[in-house]
Amino acid sequence: MNAPDYLNPAVPAGMRRVVLPVVDATDAALAGYGRLVDDPAKVHVEITRWPATGWRTIDDDSGDQGGTTQGTFHCDWRGDVLYGRNEAVGGHYVLAYACEPGDAREDHDRAPGRMLLWHANYHPDGGQLFFPLDARPFVVPLARPGDDVRPEDFVAFRFDGTRGLYIHANVWHEGVFAVAGSQRFFDQQGAVHARVSVEFPREFGCLLEVRL
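Presented here is a report on the structure given in the accompanying data block.

Definitions and cut-offs
Residues numbered from 1 in each chain as written. Predicted model: local features only at pLDDT ≥ 70, side-chain atom pairs only at ≥ 80, totals over all residues. Heavy atoms only, no water. Helix = DSSP H or I, 4+ residues; strand = E, 2+ residues; numbered from the N terminus. Rg over C-alpha atoms; globule rule 2.2 N^0.38 Å. Contact = heavy atoms within 4.5 Å. Areas by Shrake-Rupley, 256 points an atom, 1.4 Å probe, with all protein chains shown as cover. Lys, Arg positive; Asp, Glu negative; His and termini not counted. Charge placed at Lys NZ, Arg CZ, Asp CG, Glu CD. Pairing = 2+ DSSP bridges. Buried < 20%, exposed > 50% of the residue type's maximum accessible area, 1.4 Å probe, protein only. Core = buried A, V, L, I, M, F, W, Y, C linked by side-chain atoms within 4.5 Å. Phe/Tyr/Trp six-rings, centres within 6.5 Å; stacked < 30°, edge-to-face > 60°. Lys NZ or Arg CZ within 6 Å of the ring centre and 35° of its normal.

Broken down by element type, the chain carries one helix and 16 strands. Taken over the C-alpha trace, the chain has a radius of gyration of 17 Å; the compact-globule value for 212 residues is 17 Å, and the two agree within 12%. Taking the principal axes of its C-alpha atoms as reference, the chain extends roughly 55 × 35 × 30 Å. Put simply, 76% of the contacts in the chain that link residues at least 6 apart link residues at least 24 apart. Accessible surface for the chain amounts to roughly 10,200 Å². Of this, 47% is attributable to carbon and sulfur atoms. For the chain, the distance from the average position of its 20 positive side-chain charges to the average position of its 30 negative side-chain charges is 4 Å.

What follows is about the pairing of strand β7 (residues 114-117). Two faces belong to every sheet, and in a regular strand the side chains alternate between them. Both strand β6 (residues 91-97) and β7 contribute to a ladder of two bridges, which runs antiparallel. Counterpart to Ala 96 in the pairing with β7 is Leu 117.

The next subject is unusual backbone geometry. In this structure, Ala 10 is a non-glycine residue whose phi angle is positive, near 50°. You can see Ala 10 is positioned in the segment before β1 (16-19). Although it is not a glycine, Asn 170 adopts a positive phi angle of roughly 75°. Counting through the fold element by element, Asn 170 comes out in the loop between β12 (164-167) and β13 (177-178). According to the relative accessible area criterion, Asn 170 is partly exposed, its value standing at 28%.

What follows concerns the sheet that holds strand β11 (residues 155-159). Taking strand neighbours across the sheet as the criterion, the four strands line up as β2-β11-β10-β13 in an open arrangement whose pairing is mixed. Whereas interior strands pair on both sides, the edge strands pair on one side only; in this sheet they are β2 (22-24) and β13. Sheet analysis places strand β10 (residues 138-142) next to β13, joined by two bridges and oriented antiparallel. By the bridge assignment, Phe 138 is partnered in β13 with Ala 178.

Before going further, it helps to spend a moment on the nonpolar core. Grouped together as the largest cluster of nonpolar side chains are 54 residues, with contacts concentrated most on Met 115, Leu 142 and Phe 154. Take this core: its biggest share by element is five residues, from β6. Excluding residues within four positions of it along the chain, Phe 154 makes contact with Leu 20, Pro 21, Ala 120, Pro 141, Leu 142, Ala 143, Val 149, Trp 172, Phe 200 and Leu 208. Core analysis: the next-biggest nonpolar cluster, separate from the first, contains six residues, Val 37, Val 43, Val 45 and Tyr 166 among them.

Throughout the structure, instances matching the rule amount to eight aromatic pairs. Measuring from ring centre to ring centre gives 4.7 Å for Phe 138 and Phe 159, while their planes differ by 5°; the resulting arrangement is stacked. Of the two residues, Phe 138 sits in strand β10 while Phe 159 sits in strand β11, which places them 21 residues apart along the sequence. Phe 159 carries the same exposure label as Phe 138, and that label is buried. Directly above the ring of Tyr 83 sits Arg 78, whose terminal nitrogen or CZ lies 4.3 Å from the centroid.

In structure tokens, the structure reads:
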């Protein structure tokens with residue numbers, strides 16, 4: 001599969017919507033996905049050991065030394081479109097829409113009432129840390145590991161902006177989502193930045209809806 005066109009998703013009109021449950025982020029609720037973070041300086045980002053390709057194993061002191069990369073993750077609502085920009089890996093994306101994508105406009109500043117997601121991914125090479133640099137609420141949709149993921153597997157976690165999120169390797173996500181305006185996050189993740197994608201319109205004929 002070719003990499004998605006993150007700035008021009010070309011979402012077909014009339015996609016059905018799968019409404020995600022929205023739950024408050026607690027360590028208990030995040031079990032299996034990751035955990036809350038109070039101090040990003042104390043977080044160790046896990047790096048996944050390189051997989052063996054035959055019957056001989058990878059030496060214990062090798063295969064997980066690729067390290068991490070870090071930078072600022074920016075979220076910016078421009079009218080009905082939420083853009084993301086990840087300085088750590090040089091990424092620029094359309095993260096979500098506040099209305100039918102074909103009707104989206106960027107010439108207003110009304111707060112969104114919902115977010116419509118077209119894509120998610122996971123990183124097999126390591127975990128990822130997001131910590132808010134602006135203490136405002138945000139939302140992160142997550143699903144547990146597995147390539148047979150379905151839209152109904154996702155849960156939208158609601159954060160109050162005082163704590164960050166550490167996500168385990170292989171957990172489905174799509175960055176962090178400001179609920180209004182612009183927001184910045186400290187981001188640290190595996191430097192290999194391997195990415196596995198799911199495109200909901202193409203695979204399931206739907207968009208994921210998070211009601212704000």
